[in-house]
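Tertiary structure, described
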Amino acid sequence: MTPLSNAWTLTPDMLSEAVALRHELHRFPEVSGAEHETAKRMAARMRALGAEVIEGLGGMGIAALFGAGPKTLMIRAELDALPILEATGPDYRSEHEGVGHLCGHDGHMATLFAVASALSQRAPECRVALLFQPAEEIGAGARLVLADPAFDAIRPDLAISLHNLPKRPLGAVALKEGPVACASRGLRIRLTGQTSHAARPENGRSPGLTLAQLIPALGALSRDLPTEDPGFRLCTVTHARLGVPSFGISPGEAELQITLRTLFNSEMAALEAEARALIETTAAGFAPEITLHDAFSHSVNAPEATALLERACTGLPRAEGAIPMRPSEDFGLFGTKIPAAMLFLGSGEDQPELHNPDFDFPDGLIPVGAEIFLRAIQAFASDGRQGT
Ligand SMILES: [Zn+2]
Ligand SMILES: [Zn+2]
């Protein structure tokens, strides 16, 4: 890494405390919307570092405010873990059975803790809001935070964020203007017919055949295009159920779940309309009931926010070809309201994929992420001083 031009020094003590915090967070993971203890822990740490703390943002969210100035830079991390059983794991393995920090949000929080430790030593010459967002994994938290009147007190002029990226060299940066993560949303479809004795299926109305028709028909809405093509579409059947597992009953109901994915929100609106029309037509005899779940906006990096991160990443190795990525990021919704950009940082070529049971955020990424954010804060403050 080239010598840093930021105004802060991350001391070995600050970094070892950040690593210890990550391990503590890792031991006590909480799922989306239930991040009670995690939020309390982060609020206490931020207060101890002298931050003004806003609690209960969009539910469990926390914002820690440092410094003063006419403009505010928001940096976001996520509070939530996943309902996945962690594999054998490290000695700080999850103590909450069936829940694990397997997306690295523990590491993202620890990175912001390191940033806060530096800012507590010397206040930034701009306002910095460190946001610990709830419920990222289910695409709910950003919307709840933005809708919370308490968020008006933060009023960020620019927002940045990072996510670790397995299968890329540790610390390699993936960053660019434009789309970086896909829009996605889930549809749950319930079909209702009538049960009957398995000996007399003609006395009931089984949705079995309709379910069997819907699966390939919905899958055919996908387009075999590269992810970066604006027309990219993916429709994945993630779950299907017909009746109950019995030999004596002809089923009277069925359920199907699909996930729709596109590069841009506009294409998502069109794809969802097509999927709904297809379901209504194909399953007309079974009163299809369609509900929407886990709706994620696209994530599109704005020019000014991307330029700020580019300056902060000067001299760092790059990971090419990593973005736009197919998974979705709740941070994208902030970008529909505020100039925002997200960067991805390689978390190691041998690192298991995100959401795998053996994923564990590498501690070595904490100083890299914290240095980038501190550089960004300094660049943002100096732009503010020059009135640009
Ligand atoms: Zn995740
Ligand atoms: Zn994540």
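Residues numbered from 1 in each chain as written. Chains lettered and ligands numbered in written order. Predicted model: local features only at pLDDT ≥ 70, side-chain atom pairs only at ≥ 80, totals over all residues. Heavy atoms only, no water.

As recorded by an unreviewed UniProt entry, the protein carries the name Peptidase M20 and is attributed to Celeribacter ethanolicus.

Details of the pairing of strand S15 (residues 340-346)
Taken residue by residue, a regular strand's side chains alternate between the two faces of the sheet. In terms of burial, S15 is largely enclosed, as 7 of its 7 residues are buried. Alternating residues of S15 divide into Ala340, Met342, Phe344 and Gly346 and Ala341, Leu343 and Leu345, and every residue in both groups is buried. Pairing of strand S5 (residues 158-165) with S15 involves 7 bridges; the strand directions are parallel. Looking across to S15, one finds that Ile160 is bridged to Ala341. (Buried < 20%, exposed > 50% of the residue type's maximum accessible area, 1.4 Å probe, protein only. Helix = DSSP H or I, 4+ residues; strand = E, 2+ residues; numbered from the N terminus. Pairing = 2+ DSSP bridges.)

Looking at the layout of surface pockets
Over the atoms a probe the size of a water molecule is rolled, and this reveals where empty space is left. Roughly 750 Å³ of internal volume is contained in the largest pocket. Considering the residues around the largest pocket, the lining is formed by 34 residues, among which Glu137, Arg261, Pro327, Ser328 and His355 are closest to the centre. Listing elements by their share of the lining of the largest pocket, those giving two or more residues are S5, strand S8 (183-192), strand S12 (253-262) and strand S13 (289-296). Broken down by element, the residue count for the lining of the largest pocket peaks at 5 residues, all from S8. Of the residues that constitute the lining of the largest pocket, the class distribution is 12 nonpolar, 11 polar and 11 charged. Among the domains, domain 1 (12-180 + 298-385) and domain 2 (183-296) are the pair contributing at least three residues each to the lining of the largest pocket. (1 Å grid on protein atoms, 1.4 Å probe; cavity = no way out; pocket = protein on both sides within 12 Å on 5 of 7 lines; lining within 4 Å. Points joined across faces, edges and corners; volume = space filled by probe spheres on them. Nonpolar A, V, L, I, M, F, W, Y, C, P; charged D, E, K, R; others polar. Domains from an automatic or database assignment.)

Looking at the sheet that holds strand S4 (residues 127-133)
If you walk across this open sheet you meet the 7 strands as S1-S2-S4-S3-S5-S15-S6, and the pairing is mixed. Both outer strands of the open sheet, strand S1 (52-57) and strand S6 (173-174), are each paired with one neighbouring strand and no more. Along the sheet, helix H2 (residues 36-48) contacts S1, strand S2 (61-66) and S4; its crossing angle with S1, the most-contacted strand, is approximately 165°. Here helix H3 (residues 105-121) sits on the sheet and contacts S2, strand S3 (72-78), S4 and S5; the angle it forms with S3, its principal contact strand, is near 145°. (Contact = heavy atoms within 4.5 Å. Axes fitted to C-alpha atoms, helices over the stretch in contact; angles between N-to-C directions.)

So, the coordination of the zinc ion (ligand 2)
Taken together, the protein donors to the zinc ion (ligand 2) comprise Cys103 (SG), His105 (NE2) and His163 (NE2), at separations of 2.1 to 2.3 Å. Mapped onto the polypeptide sequence, the residues donating to the zinc ion (ligand 2) form the spacing pattern C-x1-H-x57-H. Look at Cys103 and you get buried, because its relative accessible area is 7%. The exposure class of His105 is buried, given its relative accessible area of 0%. (Donors = N, O, S within 2.8 Å, 3.2 Å for Na, K, Ca; no water.)

Regarding the coordination of the zinc ion (ligand 1)
Here the zinc ion (ligand 1) is held by Cys103 (SG), Glu137 (OE), Glu137 (OE) and His355 (NE2), and the distances to it run 2.0 to 2.5 Å. Geometry at the zinc ion (ligand 1) is irregular, judged from its 4 donor atoms and the angles of 55 to 152° they form at the metal. Here the donor residues for the zinc ion (ligand 1) map to a single chain with the spacing C-x33-E-x217-H. Here Glu137 falls in the buried class, since its relative accessible area comes to 14%. (Tetrahedral: all angles 85-135°; square planar, octahedral: opposite > 155°, others 65-115°.)

Brief notes about the sheet that holds S13
As summarised here, the arrangement of the 4 strands in space is S10-S12-S8-S13, forming an open sheet in which the pairing is antiparallel. In this open sheet, the two strands that pair with only one neighbour each are strand S10 (233-242) and S13. Recorded for the sheet is a direction-independent mean angle of 15° between the axes of neighbouring strands. Relative to S12, S10 runs antiparallel, the two being bridged by 9 bridges. When the bridges of S12 are listed, His239 appears paired with Gln257.

Here's the deal with the packing of helix H7 (residues 303-312) against helix H9 (residues 365-385)
Each pair of packed helices can be described by the angle between their axes along with the distance between the axes. In contact at an axis separation of 8 Å, H7 and H9 are set at 120° when each is read in the N-to-C sense. With respect to their mutual orientation, H7 and H9 come out oblique. You can see that H7 and H9 cross each other, and the crossing is right-handed. Of the residues in H9, those touching H7 at Leu308, Leu309, Arg311 and Ala312 are Ile372, Arg375, Ala376, Ala379, Phe380, Ser382 and Asp383. Grouping the amino acids of the contact of H7 with H9 by side-chain chemistry returns 7 nonpolar, 1 polar and 3 charged. (Parallel < 35°, antiparallel > 145°, perpendicular 65-115°, else oblique. Left-handed = near helix turned anticlockwise from the far one by under 90°.)

Section: the UniProt feature "binding site: Mn(2+)" (unreviewed entry) in the protein
As annotated by UniProt and renumbered to match this structure, "binding site: Mn(2+)" (unreviewed entry) occupies Cys103, His105, Glu137, His163 and His355. In summary, the annotated positions, though distributed over 253 residues, converge in three dimensions, the widest C-alpha pair being only 13.1 Å. Of the residues annotated just before, the largest pocket has Cys103, His105, Glu137, His163 and His355 among its lining. Here Glu137 is to be found in the loop between S4 and helix H4 (141-147). Other than its neighbours up to four places away in sequence, Glu137 contacts Ser32, Asp80, Ala81, Leu82, Cys103, His105, Asp294, Phe296 and His355. Its location among the elements puts His163 in strand S5. Those residues in contact with His163 that sit more than four places away from it in its chain are Glu78, Cys103, His105, His108, Glu329, Met342, Leu343, Phe344, Leu345 and Leu354. (UniProt positions renumbered as here; feature names shortened; annotations may be inferred.)

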